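An overview of the molecular structure
What follows is the residue order along each chain.
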Amino acid sequence: MSDSTLVVWDEVLTDYDHGPGHPLRPVRLDLTIALARSLGVLQRPGVTIAAPQAAADDVLELVHDPAYVGFVKVAPDEVMSRLALRYGFGNGDNPVFERMHETSALVTGASVQAAAAVWSGRAQHGVNLSGGLHHAMRDRASGFCVYDDPAVAIAWLLGAGAQRVAYVDVDVHHGDGVQAAFYDDPRVLTVSLHESGRTLFPGTGWPDEIGSGAGTGFAANVALPAGTDDGRWLRAYDAVVPELLRAFRPQVIVSQLGCDTHRLDPLAHLNCTVDGQRAAYARMHQLAHELCDGRWVVLGGGGYDPLAVVPRAWTHALAEVTGARVDGTVPEEWRDYATQRVDGTPPDSLTDGASGSASPVDAPARAWDGPDGGALDRAIQASRDAVFGHHDLVA
Ligand SMILES: [Zn+2]
Ligand SMILES: [Zn+2]
């Protein structure tokens, strides 16, 4: 497939920086773009790179409380105030940082640009790897996220006339902010695969969170056991996502591709590889062409190993979006550059040497024979039981 892709990128997006010692390190984005460039991925035919434009207040306020947006603007002067705590700032996760509003509005604007390009048909696929800040709530910062760019981009799509938007979130953490923004809205199907809230922030994302009111059945959650590896992770994806999306018939798919499911990620406890991750990206890409003429908005998300994981995982995402996977060794020029930017030994290979294939989904769920398979398949079945009936699907 050779498709047109808009990649929204400029170095200014690395200003989204919570400061020294914070796990969200903007250098991960710089190293990703550098790796993709060194492999020629961003120079492929059909790829356009555009600089981000800040989301205006009225766009941010499609999702966020105007009083919260107002506070974010003045927060650097109000660091110690009681309001800072009320709005979720001031703890280790969400320190107030300089130009916080300006930078967060740029990240959000980039996701809206990617969505607008896809919705208008100017590009089939739109990418903002600085986005995917899925924890921010209507009136509160959370989990390193100030503005919820996926939710704002989806709200923008609804405002532009979209009637069915599917949001697929494979970050290791539950996509709680996006789920909350559309919990009672049947126009947005949110599906989140994540490590169970029993062992990981934010502690939500249980199968029985299925939406409310008119939106009942339009939120789906798979709470994966700690230790889940590629085969089981893809098995869970295959057992839940394709059937739900085919039943929902989205006009556009918005994906959050947090790569903190990787076994080297320092914040979480799944056991995936970049090979499993790129297999998931390929599945979403295929669904976008099968279900909605390729309309696919690709956002980043979590990922806290800025050297060994994020650049490779998201270069694979860019390679998938732009038409062909990359394999082989990591270019020497990138290794030299990466060594100048961060401590540690850069990876040699673009892959982790794993098969990137799923454990079969067509085996009876309870016939799983892995050591944790019972727990995994119970998790899958609970998710299917909770939501499939709302779409006339057999659980
Ligand atoms: Zn495509
Ligand atoms: Zn995450």
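As the structure is a computational prediction, the values presented were derived from the model and not from experiment. (Residues numbered from 1 in each chain as written. Chains lettered and ligands numbered in written order. Predicted model: local features only at pLDDT ≥ 70, side-chain atom pairs only at ≥ 80, totals over all residues. Heavy atoms only, no water.)

**Some words on the overall build of the protein**
Cut-off, in case you're wondering: Think of it this way: any DSSP run of H or I at least four residues long counts as a helix, any run of E at least two long counts as a strand, and we number them from the N terminus. With the radius of gyration taken over C-alpha atoms, the globule rule is written as 2.2 Å times the number of residues to the power 0.38. The cut-offs for exposure are 20% and 50% of the maximum accessible area for each residue type, with area from a 1.4 Å probe on protein chains only; residues under the lower value are buried, those over the upper are exposed, and the others partly exposed. Exposure was quantified through the Shrake-Rupley algorithm and a 1.4 Å probe, taking into account, for residues, occlusion by the shown protein chains and nothing else.
A tally of regular secondary structure across the protein gives 12 helices and eight strands. For a compact globule of 395 residues, the expected C-alpha radius of gyration is about 21 Å, and the protein comes in at 19 Å, within 12% of that figure. C-alpha extents for the protein along the principal axes are approximately 60 × 55 × 40 Å. Residues counted as buried form 61% of the 395 residues belonging to the protein. For the protein, the exposed area adds up to about 14300 Å²; of that, 49% sits on carbon and sulfur atoms.

**With respect to the coordination of the zinc ion (ligand 2)**
To be explicit about the condition: Each metal's donors are the N, O and S atoms within 2.8 Å of it, or within 3.2 Å when it is Na, K or Ca, and because water is not part of the set, sites may look incomplete.
Only Asp171 (OD), His173 (ND1) and Asp260 (OD) from the protein reach the zinc ion (ligand 2) as donors, at distances of 1.9 to 2.1 Å. Positions of the donor residues of the zinc ion (ligand 2), expressed as sequence spacing, correspond to D-x1-H-x86-D. Highlighted residues: His173 in the loop between β4 (165-169) and α7 (176-181) and Asp260 in the loop between β7 (252-256) and α9 (274-292), separated in sequence by 87 residues. Asp260 sits in the buried class, given a relative accessible area of 0%.

**Examining the packing of aromatic side chains**
Just so we agree on the cut-off: Under the pairing criterion, centres of Phe, Tyr and Trp rings, with the six-membered ring standing for Trp, must be within 6.5 Å; the plane angle then separates stacked pairs below 30 degrees from edge-to-face pairs above 60, leaving the rest tilted.
For the structure shown, the criterion picks out eight aromatic pairs. With 5.1 Å between their ring centres and 35 degrees between their planes, Phe71 and Tyr87 make a pair best called tilted. Here Phe71, found in helix α3 (residues 66-74), pairs with Tyr87, found in the loop between α4 (82-86) and α5 (100-120); they are 16 residues apart in sequence, far enough to count as distant. The two residues Phe71 and Tyr87 agree in class, both being buried. Ring geometry for Phe144 versus Tyr304: centroids 5.7 Å apart, planes at 80 degrees, classification edge-to-face.

**Things to note about the pattern of salt bridges**
Note the following rule: We define a salt bridge as a side-chain nitrogen of Lys or Arg found within 4 Å of a carboxyl oxygen belonging to Asp or Glu.
Evaluation of the coordinates by the stated rule reveals 13 salt bridges. One salt bridge in this structure joins Arg312 and Asp352, with 2.9 Å as the shortest N-O distance. Within this pair, whereas Arg312 is found in helix α10 (residues 310-321), its partner Asp352 is found in the loop between α11 (332-341) and α12 (373-387), the two being separated by 40 residues in sequence. Because the salt bridges share partners, they merge into one network encompassing Asp275, Arg278 and Asp327.

**Quick notes on the coordination of the zinc ion (ligand 1)**
Just so we agree on the cut-off: Under this scheme a four-donor centre is tetrahedral when all angles range from 85 to 135 degrees, a four-donor centre is square planar and a six-donor centre octahedral when opposite donors are above 155 degrees with the rest from 65 to 115, and any other centre is irregular.
Taken together, the protein ligands of the zinc ion (ligand 1) are Asp3 (OD), His125 (NE2), His285 (NE2) and His289 (NE2), with distances of 1.8 to 2.1 Å. Relative to the metal, the four donor atoms surrounding the zinc ion (ligand 1) lie at angles of 102 to 131 degrees, and the coordination shape comes out tetrahedral. Sequence spacing of the donors to the zinc ion (ligand 1): D-x121-H-x159-H-x3-H. Separated by 160 residues along the polypeptide, His125 in strand β3 (residues 125-128) and His285 in helix α9 bring together distant segments of the chain. On the basis of relative accessibility, which here comes to 1%, the residue His285 falls in the buried class.

**Some details on the sheet that holds β3**
Applicable threshold: Pairing between two strands requires that DSSP report at least two bridges joining them. Angles here are taken between N-to-C directions and fall from 0 to 180 degrees, while the axes themselves are lines fitted to C-alpha atoms, restricted in helices to the stretch in contact.
Read across the open sheet, the eight strands follow the order β2-β1-β3-β8-β7-β4-β5-β6; overall the sheet is parallel. Each having just a single partner strand, β2 (47-50) and β6 (219-224) make up the two edges of the open sheet. For this sheet, the mean angle separating the axes of adjacent strands, direction not counted, is 15 degrees. Bridge analysis of strand β1 (residues 5-8) against β2 gives four bridges, and the strand direction is parallel. What sits directly across from Leu6, in β2, is Thr48.

**Considerations on the nonpolar core**
Grouped burial of nonpolar side chains is what soluble globular proteins tend to show. Heads up, the rule is: Take the buried residues of types Ala, Val, Leu, Ile, Met, Phe, Trp, Tyr and Cys, join any two whose side-chain atoms come within 4.5 Å, and each joined set is a nonpolar core. By definition in these notes, contact holds between two residues if any of their heavy atoms fall within 4.5 Å.
Counting 127 residues, the largest nonpolar core has Phe89, Val146, Val191, Leu245, Ile253 and Trp314 as its most contacted members. Sequence-distant contacts of Val191, that is, excluding residues within four places in its chain, are made with Tyr167, Val168, Asp169, Ala220, Val240, Val241, Leu244 and Leu245.

**Here we look at the pairing of β7**
This is how the line gets drawn: Here a crossover is taken to be right-handed if, once the strands point away from the viewer, the path from the first strand over the helix to the second is traced clockwise.
Among the five residues of β7, five are classified as buried, and the element is accordingly described as predominantly covered. Burial along β7 is two-sided: the face carrying Val252, Val254 and Gln256 and the face carrying Ile253 and Ser255 are both buried. Relative to β7, β4 runs parallel, the two being bridged by five bridges. Residue pairing in the sheet places Val165 in a bridge with Val252 of β7. Note that the unit made of β7, α9 and strand β8 (residues 296-299) has a crossover that is right-handed.

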